[in-house]
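Each chain is listed here by its residues.
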Amino acid sequence: MNKEKIMEGVKLILEGIGEDINREGLIETPDRIARMYMEIFEGIGKDAREVLSKTFSVENNDLVLEKDITFFSMCEHHLVPFFGKAHIAYIPKGKVAGLSKLARTVEVYAKKPQLQERLTTEIADAIMEYLDAEGAMVVIEAEHTCMTMRGVKNPGASTITTTYRGWYRENIDLKPKEIKLLELLLKYKGKVLTRAQILDNIWNIEESPNDRVIDVYIKNIRKKLSLDCIITVKGIGYKFEER
């Protein structure tokens, strides 16, 4: 990375917006930004091969799920941040990575000019390639400052992207509402997801399904994903149990 070029570029931008690059508050700004860019873009040209090289043997191939991995990245269209949570699930093939390595994998691919859609697929592809997993599923929910601080100026809007690889792609035929329900279950893992929350997030007022319909969707997800960790909390909702 060329620090001097970054500093010169920052100076040109400041001059271009009509600022005085020699005033007290801006004298060191080019250097500060250059050092910041060297940190937040350190993932350029890197992959997760080394991060995922340390693995542990396992006797069973039960689902591994890590949720709420916080990340920060930079939108490549406007060079402003987008940030949020990543949820990773994979079916191992005799070996697993330490949970901290999954967080590091997210970090590697987030630290560069990025698109959320590509970030989602790059994480899933890395799990498949470097862990030789049977299947991988990645869900990312993020807020983009390129649409909260400029343009439509819609703070709080969240974008969710989902991708499947291997066993998941070959064996799962999830309907759109089942995908949304699964995303909610992942988001609320360890907590009770109430029927009211499900209705608010998935169904509109006109549809308003009864409890039996929601139970059918939950049953389908359990069956298609072989997830026995989704339990029904009688009279309240559902819970994706911590395992």
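This text goes with the structure placed above it.
A brief structural summary. (Residues numbered from 1 in each chain as written. Predicted model: local features only at pLDDT ≥ 70, side-chain atom pairs only at ≥ 80, totals over all residues. Heavy atoms only, no water.)

### Examining the overall build of the protein
Across its full length, the protein holds nine helices and ten strands. In terms of overall dimensions, the protein has a C-alpha envelope of 70 × 50 × 25 Å along the principal axes. For the protein, buried positions account for 42% of its 243 residues. Here the contacts in the protein between residues at least 6 apart in sequence split such that 65% fall between residues at least 24 apart. For the protein, the distance from the average site of its 37 positive side-chain charges to the average site of its 38 negative ones is 4 Å. (Helix = DSSP H or I, 4+ residues; strand = E, 2+ residues; numbered from the N terminus. Buried < 20%, exposed > 50% of the residue type's maximum accessible area, 1.4 Å probe, protein only. Contact = heavy atoms within 4.5 Å. Lys, Arg positive; Asp, Glu negative; His and termini not counted. Charge placed at Lys NZ, Arg CZ, Asp CG, Glu CD.)

### Brief notes about the layout of surface pockets
A volume near 260 Å³ is recorded for the second largest pocket. Lining the second largest pocket are 18 residues, with Ile 40, Phe 71, Phe 72, Ser 73 and Lys 111 sitting closest to its centre. At the level of secondary structure, the elements contributing two or more residues to the lining of the second largest pocket comprise helix H2 (29–40), strand E2 (64–75) and helix H3 (99–110). When residues of the lining of the second largest pocket are assigned to their parent elements, the largest contribution, six residues, is made by E2. Grouping the amino acids of the lining of the second largest pocket by side-chain chemistry returns twelve nonpolar, two polar and four charged. (1 Å grid on protein atoms, 1.4 Å probe; cavity = no way out; pocket = protein on both sides within 12 Å on 5 of 7 lines; lining within 4 Å. Points joined across faces, edges and corners; volume = space filled by probe spheres on them. Nonpolar A, V, L, I, M, F, W, Y, C, P; charged D, E, K, R; others polar.)

### Quick look at the nonpolar core
The nonpolar side chains of a soluble globular protein tend to be buried with one another. In this structure, Phe 71, Tyr 90 and Ile 127 are the most contacted members of the largest nonpolar core, which totals 32 residues. Elements with a contribution of two residues or more to this core: E2, strand E3 (81–91), strand E4 (95–97), H3, helix H4 (116–131) and strand E6 (135–144). The element best represented in this core is H4, accounting for seven residues. If you look at the next biggest cluster of nonpolar residues, it comprises 23 residues, including Leu 186, Tyr 217, Ile 221 and Phe 240. (Core = buried A, V, L, I, M, F, W, Y, C linked by side-chain atoms within 4.5 Å.)

### A word on the pattern of salt bridges
Under the definition given, this model contains 15 salt bridges. A salt bridge links Glu 8 to Lys 11, with the shortest nitrogen-to-oxygen separation between them at 3.7 Å. In this pair, Glu 8 and Lys 11 both sit in helix H1 (residues 3–16), three residues apart, roughly one turn of the helix. A salt bridge links Lys 111 to Glu 107; the nearest nitrogen and oxygen atoms lie 3.7 Å apart. Within this structure, Glu 42, Arg 104, Glu 107 and Lys 111 form a network of salt bridges that share partners. (Salt bridge = Lys/Arg side-chain N within 4 Å of Asp/Glu carboxyl O.)

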